[in-house]
Amino acid sequence: MTTPTTPGTNDQGTPVPVLSYSPVVLPVPGRPVDLQVRVSAPATGTNLPVILLSHGHGPSNNLSSLNGYAPLANSWAAHGFVVLQPTHLTSRTLAHLVADAPGAPHFWRSRAEDMTHILDRLDVIERTVPQLAGRIDHTKIALAGHSLGGFTAALLLGAGLNDTSTGNTEYLLEPRIKAGVLLAAPGRGGETLNGPMAAQWSVIGAVDFSTMTTPALVVAGDKDDSRHFTDMGPDWHADPYTLAPGPKALLTLFDAEHGLGGIAGYDAAETTDENPERVAALARLTAAYLHTQLHPGTPVWRTACEELTGGSDPVGRVESK
């Protein structure tokens, strides 16, 4: 089904028509259910870059699926990106179908492989979605992920994972992805991963950021204190920046908690720090970062940083290495 979504806006606040199509169904051999993808794109334009968007987990059913993250997907599409959102096997919408499937309940490998499958079938997606054929630039691919999606993004950007079931370090780097954004992603493991949920989600502490070489923007809220995982405090979510090699940038959002203002969905009940202005600023900053990474030399990232993190009322601070 093709429907106009809530329009995104450009940097001047002008509404931009955005089209959304879902689901694009991609059969994947060995996957317990077909891979379903939502596609959001500007109604006009060519040579459009792509953002793969990996959803988190969370208590809601449909936010952890292709139906979540509309505040980001719509804004990024309004800024000229084609946004591709898969429903990973960790989605609560699939729990009754995949509870006993290999890789359950974390599906860490499958989540990353979903993105590779999408890139392998990008031509199919382009032909399937009405009004999209011939408009995608297949060489300009970016990736974003929130929370558990940030964990998935780290693997695709080059981080290693110490698989305790085999004793091997696994690498799932996807070289077609040229830049990434990690939103409230998990940090280091070891003794730091000491909260009550640490044993249940020990896989997130098995990541080695030292090999995550792909350019990335790490976004962390300075009030995102994930005590269920660690007593390290909000700095834990900056680890993908702190522990990874450059080139990297870190955006610390002021007064932001794990929802970063409400990126997972409009009026989502579990957003503890709802702030539409913060979400709009974050959407613009992340779009600007990825645009500049995919189009080197363009000034949009610098301009967005000057306007949104400078002045008397900054949304956050930016550092880089």
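Everything discussed here concerns the structure shown above.
Residues numbered from 1 in each chain as written. Predicted model: local features only at pLDDT ≥ 70, side-chain atom pairs only at ≥ 80, totals over all residues. Heavy atoms only, no water.

Trainee: Hey, could you run me through the overall build of the chain in this one?
Mentor: Within the chain one finds 8 helices and 15 strands. Here the chain has a C-alpha radius of gyration of 18 Å; the compact-globule value for 321 residues is 20 Å, and the two agree. Overall, the C-alpha framework of the chain stretches about 50 × 50 × 35 Å when taken along its three principal axes. Pairs at least 24 residues apart make up 69% of the contacts formed inside the chain by residues separated by at least 6 positions. Counting every atom, the chain has about 13,100 Å² of accessible surface; 52% of that belongs to carbon and sulfur. For the chain, the distance from the average site of its 20 positive side-chain charges to the average site of its 31 negative ones is 6 Å. (Helix = DSSP H or I, 4+ residues; strand = E, 2+ residues; numbered from the N terminus. Rg over C-alpha atoms; globule rule 2.2 N^0.38 Å. Contact = heavy atoms within 4.5 Å. Areas by Shrake-Rupley, 256 points an atom, 1.4 Å probe, with all protein chains shown as cover. Lys, Arg positive; Asp, Glu negative; His and termini not counted. Charge placed at Lys NZ, Arg CZ, Asp CG, Glu CD.)

Trainee: What is the right way to look at the packing of helix α7 (residues 276–294) against helix α8 (residues 300–309) in this model?
Mentor: Helix-helix packing: each pair is described by the crossing angle between the helix axes and the interaxial distance. At a minimum axis separation of 7 Å, α7 and α8 run at an interaxial angle of 155 degrees. In terms of axis orientation, α7 runs roughly antiparallel to α8. As for how α7 packs across α8, the hand of that crossing is left-handed. When α7 is examined against α8, the residues A281, R284, L285, A288, Y289, H291 and T292 are found in contact with a partner set consisting of V300, W301, T303, A304, C305, E307, L308 and T309. A breakdown of the residues in the contact of α7 with α8 according to their chemical character gives 9 nonpolar, 4 polar and 2 charged. (Axes fitted to C-alpha atoms, helices over the stretch in contact; angles between N-to-C directions. Parallel < 35°, antiparallel > 145°, perpendicular 65-115°, else oblique. Left-handed = near helix turned anticlockwise from the far one by under 90°. Nonpolar A, V, L, I, M, F, W, Y, C, P; charged D, E, K, R; others polar.)

Trainee: Got a minute to help me understand the packing of helix α3 (residues 108–120) against helix α5 (residues 148–156) in this structure?
Mentor: It is the contact of α3 with α5, at a shortest axis distance of 9 Å, that shows an interaxial angle of 65 degrees. Here α3 lies roughly perpendicular to α5, going by the angle between them. Taken as a pair, α3 and α5 cross one another with a handedness that is right-handed. Side by side, α3 and α5 meet where W108, R111, A112, M115 and T116 of the first sit next to L148, G149, F151, T152, L155 and L156 of the second.

Trainee: What should I look at first to understand the sheet that holds strand β9 (residues 160–163) in this one?
Mentor: Sheet strands pair by backbone hydrogen bonding; their relative direction is either parallel or antiparallel. Strand order in this open sheet of 3 strands is β10-β9-β12, and the pairing throughout is antiparallel. This sheet does not close on itself; its edge strands, each paired only once, are β10 (168–171) and β12 (207–208). Strand direction decides the pairing type here: β9 and β10, joined by 4 bridges, are antiparallel. Directly across from L161, in β10, lies its bridge partner E170. (Pairing = 2+ DSSP bridges.)

Trainee: Would you take a moment to explain α7 for this structure?
Mentor: In an α-helix, one turn spans 3.6 residues, which is why side chains three or four residues apart end up on the same side. Here α7 spans 27 Å end to end across 19 residues, near enough to the 27 Å set by a 1.5 Å rise per residue. Within α7, 14 of the 19 residues are buried, which leaves it mostly tucked inside the rest of the structure. (Expected span 1.5 Å × (residues − 1). Buried < 20%, exposed > 50% of the residue type's maximum accessible area, 1.4 Å probe, protein only.)

Trainee: Could you clarify how one ought to interpret the pairing of strand β6 (residues 48–54) in this entry?
Mentor: A regular strand carries its side chains on alternate faces of the sheet. Most of β6 sits inside the fold, with 7 of its 7 residues counted as buried. Bridging between β6 and strand β8 (residues 136–146) involves 6 bridges; their strand directions are parallel. Bridged to V50 within β8 is I141. The pairing of β6 with strand β7 (residues 82–86) spans 3 bridges and is parallel. If you follow I51 over to β7, its bridge partner there is V83. Between the parallel elements β6 and β7, the chain passes through helix α1 (residues 70–78) in a crossover that is right-handed. (Right-handed = clockwise from strand over helix to strand, strands pointing away.)

Trainee: Would you mind going over the packing of aromatic side chains with me for this structure?
Mentor: The geometry of two aromatic rings is summed up by the distance between their centres and the angle between their planes. As enumerated under the stated definition, the model contains 2 aromatic pairs in all. On the numbers, 5.8 Å between centres and 35 degrees between planes, the contact of F229 with W236 is tilted. The exposure class assigned to F229 is buried, which follows from its relative accessible area of 13%. Measuring from centroid to centroid gives 5.3 Å for Y289 and W301, while their planes differ by 80 degrees, and the two rings are edge-to-face. Separated by 12 residues along the polypeptide, Y289 in helix α7 and W301 in helix α8 bring together distant segments of the chain. The same class applies to Y289 and to W301, which are both buried. Here K321 stacks its cationic end above the ring of Y241, 4.9 Å away from the centre of that ring. (Phe/Tyr/Trp six-rings, centres within 6.5 Å; stacked < 30°, edge-to-face > 60°. Lys NZ or Arg CZ within 6 Å of the ring centre and 35° of its normal.)

Trainee: Please clarify how the nonpolar core should be interpreted in this entry.
Mentor: As a rule of thumb, soluble globular proteins bury nonpolar side chains together. The biggest cluster of nonpolar side chains holds 51 residues, and the ones touching the most others in it are V39, L52, V82, L84, I118, F151 and I204. Examining the composition of this core, we find that 6 residues originate from one element, α5, more than from any other. Every residue in contact with L84, bar those within four places of it in the chain, is listed here: V37, R38, V39, V50, I51, L52, L53, I118, L122 and I125. Within the second largest apolar cluster, 40 residues are counted, among which are V83, A142, A144 and A249. (Core = buried A, V, L, I, M, F, W, Y, C linked by side-chain atoms within 4.5 Å.)

Trainee: Sorry if this is basic, but what is going on with unusual backbone geometry here?
Mentor: Comment: phi is negative for the bulk of residues other than glycine, and the bulk of peptide bonds are trans. Residues A104 and P105 are joined by a peptide bond in cis, for which omega reads 0 degrees. On the secondary structure map, P105 appears in the loop between α2 (95–98) and α3. Here the phi dihedral of A184 falls at roughly 50 degrees; this positive angle occurs in a residue that is not glycine. Tracing the chain through its elements places A184 in the loop between β11 (177–183) and β12. Of note, the phi angle at D267 is positive, near 55 degrees, even though the residue is not glycine. Its location among the elements puts D267 in the loop between β14 (248–253) and α7.

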